[in-house]
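# Secondary and tertiary structure notes
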Amino acid sequence: MFYYVLKYVLLGPLLRLLFRPRIEGLEHIPAEGAAIVAGNHLSFSDHFLMPAILKRRITFLAKAEYFTGPGLKGRLTAAFFRSAGQIPVDRSGKEAGQAAIREGLGVLSKGELLGIYPEGTRSHDGRLYKGKVGVAVMALKAGVPVVPCAMVGTFEIQPPGQVLPKIKRVTVRFGEPLDFSRYAGMENQKAAIRAVTDEIMYAILELSGQEYVDRYAAEVKAEQQELEQQQRPKRFPTRRNR
């Protein structure tokens, strides 16, 4: 119930007024039945802008950190995501990935829309990174189409680390649904799920026009953080602190 209050009364009209999103390809979202909407992930704003323009309800698999943050901000964020019907997902380890797949399949089994970011995390530099295969496993197991989606301009209005977004027009672009019925029954074959994932990422790439990096975003981000840590000047103890 609160989801629709946010969408049609509180948050949705405000977002549409402020950001005036250009919406392209909305007709590619199925009017009914289960489907996966797989998009690039450039900004925290993505969580709100895409659902605001869809006619149907969409449930996202959201990272568990959004539900466990400290302090007042953490509690408010957790309350918001729960009220909006989003599902927390622990992203650490193989078993966590299996749990996320089970949650996603539960949404699809009810004939609903499932939103997922195959990169697994926000892009830290605006580029599109290699997709994780969970989206392919869910698509093949549930036998549902995948609608590629590109958020364009959200990195510029709210890059990682920026609390409040800039007020600037963005574009939400949907592509034609991808049918993977030719891979039916192959959800346990590594080559098949990799091929499906890569096809989804290529469709997102064509819509977004981003530069593509054939590596996982989390790996590149971790390497960059480690490098930055190494380049920081070391602080030597003063005589007083010895």
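Structure shown above.
These notes cover the structure that comes with them. Throughout, residues of each chain are indexed from 1 in the direction in which the sequence is written. Residues qualify for local features only when their pLDDT is at least 70, as the model is predicted, and side-chain atom pairs are given and counted only at 80 or more; totals for whole chains, interfaces and linings, by contrast, use all residues. Water and hydrogen atoms play no part in the side-chain values, which are based on all heavy atoms of the structure.

It is worth spelling out the sheet that holds strand 8 (residues 171-174) at this point. On the basis of which strands lie adjacent, the open sheet formed by seven strands has the order 1-8-7-2-5-3-4 and mixed pairing. Strand pairing shows two members of the sheet lacking a second neighbour, strand 1 (22-24) and strand 4 (87-89), which therefore form its edges. Pairwise comparison of adjacent strand axes, ignoring direction, gives a mean angle of 25° for this sheet. The pairing of strand 2 (residues 35-39) with strand 5 (residues 113-116) spans four bridges and is parallel. If you follow alanine 38 over to strand 5, its bridge partner there is isoleucine 116. The criterion used for residue contact is that any of the two residues' heavy atoms lie within 4.5 Å. Every axis in this analysis is a line fitted to C-alpha atoms, fitted for helices over the stretch in contact. Angles between the N-to-C directions lie between 0 and 180 degrees. Note on conventions: DSSP H or I runs of at least 4 residues are helices, E runs of at least 2 residues are strands, and numbering of each starts at the N terminus. Docked against the sheet, helix 5 (residues 134-142) engages strand 2, strand 3 (58-63), strand 5 and strand 7 (146-152), running at close to 165° with respect to strand 2. Against the sheet, helix 7 (residues 190-208) touches strand 2, strand 7 and strand 8, its axis set at about 35° to strand 7. Strands are treated as partners if at least two bridges between them are detected by DSSP.

Turning our attention to the pattern of salt bridges. By convention in these notes, a salt bridge is any Lys or Arg side-chain nitrogen within 4 Å of a carboxyl oxygen on Asp or Glu. Under the counting rule described, the total for this entry stands at six salt bridges. Between arginine 182 and glutamate 199 there is a salt bridge; the shortest N-O distance is 2.7 Å. Of this pair, arginine 182 sits in the loop between strand 8 and helix 7 while glutamate 199 is found in helix 7, placing the two residues 17 residues apart along the sequence. Throughout this description, buried means an accessible area under 20% of the type-specific maximum (1.4 Å probe, protein chains only), exposed means over 50%, and partly exposed covers the range between. Taking the relative accessible area as the measure of exposure, glutamate 199 reaches 29% and is therefore partly exposed. Among the ionic contacts, a cluster of salt bridges with common partners joins Asp125, Arg127 and Glu211.

All right, on to helix 7 then. In this scheme, a helix's expected span is set at 1.5 Å multiplied by one less than its residue total. End to end, helix 7 covers 27 Å across 19 residues, agreeing with the expected 27 Å (1.5 Å per residue, within 8%). Those residues of helix 7 that sit buried are Ala192, Ile193, Arg194, Val196, Thr197, Ile200, Met201, Ala203, Ile204, Leu205, Leu207 and Ser208. The elements touched by buried residues of helix 7 are strand 2, strand 6 (128-129), helix 5, strand 7, strand 8 and strand 9 (212-213). Among the residues trailing helix 7, glycine 209 stands out with phi positive, at a value near 75°.

Bringing the pairing of strand 8 into the picture now. Note that strand 1 and strand 8 share three bridges and pair parallel. By the bridge assignment, arginine 22 is partnered in strand 8 with threonine 171. Direction of pairing for strand 7 relative to strand 8: antiparallel, over a ladder of four bridges. Note that in strand 8 the partner of methionine 151 across the bridge is valine 172.

Looking now at the nonpolar core. One finds Ile36, Met138, Phe180 and Ile200 to be the most contacted residues of the largest nonpolar core, which totals 32 residues. Elements that contribute at least two residues to this core include exactly strand 2, strand 4, helix 4 (94-109), strand 5, helix 5 and helix 7. A total of eight residues in this core trace back to one element, the largest contributor, which is helix 7. Sequence-distant contacts of isoleucine 36, that is, excluding residues within four places in its chain, are made with Leu108, Leu114, Ile116, Val135, Met138, Ala139, Val144, Pro145, Val146 and Val147. If you look at the next biggest cluster of nonpolar residues, it comprises 22 residues, including Ala35, Ala52, Met151 and Val172. Within this scheme, the nonpolar core is defined by two criteria: the residues are buried Ala, Val, Leu, Ile, Met, Phe, Trp, Tyr or Cys, and they are joined through side-chain atoms within 4.5 Å.

A few words on the packing of aromatic side chains. Side-chain rings of Phe, Tyr and Trp, where Trp is taken by its six-membered ring, are said to pair if the distance between their centres is within 6.5 Å; with planes under 30 degrees apart they count as stacked, over 60 as edge-to-face, and otherwise as tilted. Using the criterion set out here, one finds three aromatic pairs in the structure. Taking 5.2 Å as the distance between ring centres and 70° as the angle between the ring planes, the aromatic pair formed by phenylalanine 44 and phenylalanine 48 counts as edge-to-face. A relative accessible area of 22% places phenylalanine 44 in the partly exposed class. Aromatic pair phenylalanine 180 and tyrosine 183: ring centres 6.5 Å apart, planes at 50°, arrangement tilted.

Time to look at unusual backbone geometry. Positive phi values are uncommon outside glycine, yet arginine 20 reaches one of about 40°. Residue placement: arginine 20 occurs in the loop between helix 1 (2-19) and strand 1. Residue classification places arginine 20 among the partly exposed positions, given a relative accessible area of 46%.

In this section: the environment of isoleucine 157. Mapped onto the secondary structure, isoleucine 157 falls in helix 6 (residues 154-157). What makes isoleucine 157 buried here is its relative accessible area of 0%. For the pair isoleucine 157 and valine 170, spaced 13 residues apart in the sequence, the C-alpha separation amounts to 8.4 Å. In this structure, isoleucine 157 is in contact with Phe19, Ser45, Leu49, Gln162, Leu164, Pro165, Lys166, Lys168 and Val170, ignoring residues within four places of it in sequence.

Turning next to the environment of methionine 138. By the secondary structure assignment, methionine 138 is in helix 5. Put simply, methionine 138 and glutamate 103 are 35 residues apart on the chain and 9.9 Å apart in space, counted from C-alpha to C-alpha. Each residue touching methionine 138, except ones within four places of it in the same chain, is listed here: Ile36, Leu61, Ala100, Ile101, Gly104, Leu105, Leu108, Leu114, Ile116 and Gly143.

Shape descriptors only; they carry no functional weight alone.
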